[in-house]
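Below are the chains, spelled out letter by letter.
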There are 2 protein chains.
Amino acid sequence: MSNKFKRNERIGAIVKILSDNPNKIFTLSFFTTQFNAAKSTISEDLIVVKNVFEKLQLGKVVTISGAAGGVKYIPKTSKEENEEFLYQLCDRIKEEGRILSGGFLYLIDLIYDPNVVSKIGEIFASNIEYDDVDCIVTMETKGIPMALMTAKAMNLPLVIIRKNTKVSEGPTISMTYVTGSSSKIETMSLPSKALKPGSKVIIIDDFMRGGGTIKGMIELMKEFDTEVAGIGVFISTVQPENKLVSDYISLLELDVQGDKIIAEPNLKTFNHEYRD
Amino acid sequence: MSNKFKRNERIGAIVKILSDNPNKIFTLSFFTTQFNAAKSTISEDLIVVKNVFEKLQLGKVVTISGAAGGVKYIPKTSKEENEEFLYQLCDRIKEEGRILSGGFLYLIDLIYDPNVVSKIGEIFASNIEYDDVDCIVTMETKGIPMALMTAKAMNLPLVIIRKNTKVSEGPTISMTYVTGSSSKIETMSLPSKALKPGSKVIIIDDFMRGGGTIKGMIELMKEFDTEVAGIGVFISTVQPENKLVSDYISLLELDVQGDKIIAEPNLKTFNHEYRD
């Protein structure tokens, strides 16, 4: 790109590039080449860009020093916007007609909504440490959209555990597990080469009742010699109180009593982990 | 937000807001409130913003007139960047060790990669008309990440067809179909209320060999009284030449001959649909 850019235009362009690529490091040289501008000019631009993100609470732009240095954008959500977003989601969850037979809730219109899940991904990225994490793990199907958006926000690859052994992915490691809610025995499997031994992963899932599924995922991770560094679930139920998994954050707490839905943002879980 | 913003900062912030929310209309008043600025000031800002997107070929920012008017950002990819991206992907597809028994390819590291699929989503959004489309439809599992990113780029909801009837989503419409490749009979199902009658949808999937799966999806859409307005697949195979589906775009063409992988960007398919 050989055109000359005005400062305004460079600022806009830098914001677009950083924002589209969370947690990716861009060198100063990348921008000097891109905009045909001096390092000092780009440095001044970056100060303005950092300001924009700070003032609007849109996340942080940080400078990484050293040979592999540059700047990167780290998505961060503010406590206020999270509260507002989660309360709105709770209102939608409480809408009439969501309760299905068996006390299940119809939620796929929400958890497949790209705008909802991209926000959920940013909230997870703001409240789960991922500094030396290698990938995001989820189990098909309903958690995939929010897990993908979490992976996007953290700039990490996504690994999807399948419920059936598929012939088309090469050798797999499979495991049976007992779902906490219905006590059924299910199978989960993952291609052997999907995870490197010694990796650190974060588990993301849409829903946790008893915790059986996530406990199964944790055990599968052991088979891969992989450490679970964090667990994020979108909705956890109030009942049963004792889950099979203890160390997790959940964004919403849910209780369905007959035809009454109680849904509340689980602010206490991550209150102190929000940025100031 | 009551702070005063400098022009540079407003430009950066407007770019961030528009870029994070493709195809969402923001009114002038939204920005005047957000930045505590006059309409004339914001109008001038928007001219700069439009310029940034044009100059960097990052998409278009268009003004919508009328009562529901405002500005929105439409993601558009340039032919050059698509070519570069797709050729790089082909190189990765041709890497050693991808061929599995049965001539299948191990591709999940690519098609679950958030950065790869967000780019694929933008390419689909640049080459499939979606002006009066109501949602994106895909079938689990491997197409979900790219379908979600397509839905995000188009600002449309995502609908996921399941391979098994799930009890937890209320009444479903199910259908059997014959996969083109292995001639197996499979089931697909979708909750009755996932689609409104009379809707227009775009089908997105990761892989097409014979076209049996997509043909099945088209037939399922008929059961929902829904029109298929476009079909986008990431990879189509050279063989068989005659697919069960004719009207689609595919980004890559693939041929596996023994231990040789031939993968090429399918540029001819959408050559004329790229923006100039």
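Residues numbered from 1 in each chain as written. Chains lettered and ligands numbered in written order. Predicted model: local features only at pLDDT ≥ 70, side-chain atom pairs only at ≥ 80, totals over all residues. Heavy atoms only, no water.

In the annotation of an unreviewed UniProt entry, chain A is listed under the name Purine operon repressor, PurR and assigned to Peptostreptococcus russellii. Of the comments in the UniProt record for chain A, the one headed Sequence similarities (unreviewed entry) reads "Belongs to the purine/pyrimidine phosphoribosyltransferase family. PurR subfamily." (UniProt positions renumbered as here; feature names shortened; annotations may be inferred.)

A. Geometry of the domain arrangement of chain A. All names here are of chain A. Domain annotation of chain A identifies domain 1 (7-74) and domain 2 (79-274). Distance from the C-alpha centre of domain 1 to the C-alpha centre of domain 2: 32 Å. On the side of domain 2, eight residues touch domain 1, which itself brings seven residues to the contact. At the junction of domain 1 with domain 2, the criterion picks out zero salt bridges. When the residues that make up the side of domain 1 that touches domain 2 are grouped by side-chain class, the tally is three nonpolar, two polar and two charged. (Domains from an automatic or database assignment. Contact = heavy atoms within 4.5 Å. Salt bridge = Lys/Arg side-chain N within 4 Å of Asp/Glu carboxyl O. Nonpolar A, V, L, I, M, F, W, Y, C, P; charged D, E, K, R; others polar.)

B. The arrangement of the side chain of Ser-118 of chain B in detail. Along the chain, Ser-118 of chain B turns up in helix α6 (residues 114-127). Exposure remark for Ser-118 of chain B: the relative accessible area of 15% places this residue in the buried category. Dropping the residues within four chain positions of it, Ser-118 of chain B is found in contact with Lys-152 of chain A together with Met-149 of chain B. (Helix = DSSP H or I, 4+ residues; strand = E, 2+ residues; numbered from the N terminus. Buried < 20%, exposed > 50% of the residue type's maximum accessible area, 1.4 Å probe, protein only.)

C. Layout of unusual backbone geometry. Look at the link from Gln-239 of chain A to Pro-240 of chain A: it is a cis peptide, with omega at -10°. Between Glu-140 of chain B and Thr-141 of chain B the backbone carries a cis peptide bond, its omega angle lying at 5°. Tracing the backbone shows Thr-141 of chain B in the loop between β3 (135-139) and α7 (144-154). Look at Asn-36 of chain A: it is not a glycine, yet its phi comes out positive at around 50°. By the element assignment, Asn-36 of chain A lies in the loop between α2 (28-35) and α3 (39-55). Given the relative accessible area of 39%, Asn-36 of chain A is considered partly exposed.

D. Representation of α3 of chain A in the model. Residue and element names in this part refer to chain A. Compared with an ideal rise of 1.5 Å per residue, which puts 17 residues at 24 Å, α3 spans 24 Å between its outermost C-alpha atoms and is within 8% of the ideal. Of the positions making up α3, those classed as buried are Ile-42, Asp-45, Leu-46, Val-48, Val-49, Val-52 and Phe-53. Considered in projection along α3, the buried side chains sweep an arc of 165° and stay on one side of the axis. Downstream of α3 by a residue or two, Gln-57 has a phi angle that is positive, lying close to 50°. (Expected span 1.5 Å × (residues − 1). Arc of directions from axis to C-beta.)

E. Just the interface of chain B and chain A, in detail. Contact residues are listed per partner, giving 59 residues for chain B and 59 residues for chain A. Between chain B and chain A, roughly 5100 Å² of surface is buried when both sides are summed, and carbon and sulfur atoms account for 61% of that area. When the area that chain B buries against chain A is broken down by residue, the three leading residues are Lys-16, Lys-55 and Leu-56 of chain B, summing to 13%. Joining chain B to chain A, the criterion identifies four salt bridges. (Buried area = accessible area lost by both parts, 1.4 Å probe.)

F. Region of interest: the sheet that holds strand β10 (residues 260-265) of chain B. All names here are of chain B. A sheet is described by the order of its strands in space; here six strands give the open sequence β4-β3-β7-β8-β9-β10, paired in mixed fashion. Where the open sheet ends on each side, the last strands, each with one partner, are β4 (158-161) and β10. Taking the axes of each pair of neighbouring strands and ignoring which way they run, one obtains an average angle of 25° across the sheet. Of the strand pairs in this sheet, β3 and β4 are connected by four bridges, and their pairing is parallel. Bridging across to β4, Ile-136 finds its partner in Leu-158. In this fold helix α4 (residues 79-93) packs onto β8 (227-237), β9 (249-257) and β10, with an angle of close to 170° to the strand it touches most, β10. (Pairing = 2+ DSSP bridges. Axes fitted to C-alpha atoms, helices over the stretch in contact; angles between N-to-C directions.)

G. Inspection of the relation of the copies chain B and chain A at higher detail. Expressed as a screw transformation, the operator carrying chain B onto chain A has a rotation angle of 180° and an axial translation of 0.0 Å, and the superposed copies differ by an RMSD of 0.0 Å. Interpreted geometrically, this transformation is the action of a two-fold axis. Using C-alpha coordinates, one finds that chain B approaches the rotation axis most closely at Gly-12 of chain B, a distance of 2.3 Å. A symmetric contact is evident, with 100% of the interface residues of chain B recurring at the interface of chain A. (Least-squares fit on C-alpha atoms with pLDDT ≥ 70 in both.)

H. Geometry of the pairing of β9 of chain B. All names here are of chain B. Alignment of β8 against β9, held across five bridges, turns out to be parallel. Following the sheet pairing, Gly-232 is matched in β9 by Ile-249. With six bridges connecting them, β9 and β10 associate as antiparallel partners. Residue pairing in the sheet places Leu-252 in a bridge with Pro-265 of β10.

I. Structural context of the nonpolar core. Core analysis: the biggest nonpolar cluster contains 112 residues, and Ile-93 of chain A together with Ile-93 of chain B have the highest contact counts within it. When residues no more than four places from it in sequence are discounted, the contact partners of Ile-93 of chain B are Arg-98, Leu-105, Leu-107, Leu-110, Ile-235, Leu-252, Leu-254, Ile-261 and Ala-263 of chain B. If you look at the next biggest cluster of nonpolar residues, it comprises 43 residues, including Leu-18 of chain A together with Ile-11, Val-15 and Phe-53 of chain B. (Core = buried A, V, L, I, M, F, W, Y, C linked by side-chain atoms within 4.5 Å.)

J. Spotlight on the side chain of Ser-118 of chain A. Polar side-chain contacts of Ser-118 of chain A include one of 3.2 Å to the backbone oxygen of Asn-115 of chain A. If we skip the residues at most four places from it in the chain, Ser-118 of chain A touches Met-149 of chain A together with Lys-152 of chain B. (Polar contact = N/O pair within 3.5 Å; in protein donor to acceptor, adjacent residues only side chain to side chain.)

K. Main features of α4 of chain B. All names here are of chain B. Here α4 is 15 residues long and its end C-alpha atoms lie 21 Å apart, about the 21 Å a rise of 1.5 Å per residue gives. Within the span of α4, buried status applies to Asn-82, Phe-85, Leu-86, Leu-89, Cys-90 and Ile-93. Looking down the long axis of α4, one finds its buried residues gathered within 140° of arc, a one-sided arrangement. For α4, exposure combined with an orientation more than 90 degrees from the buried face picks out Glu-80, Glu-84 and Asp-91.

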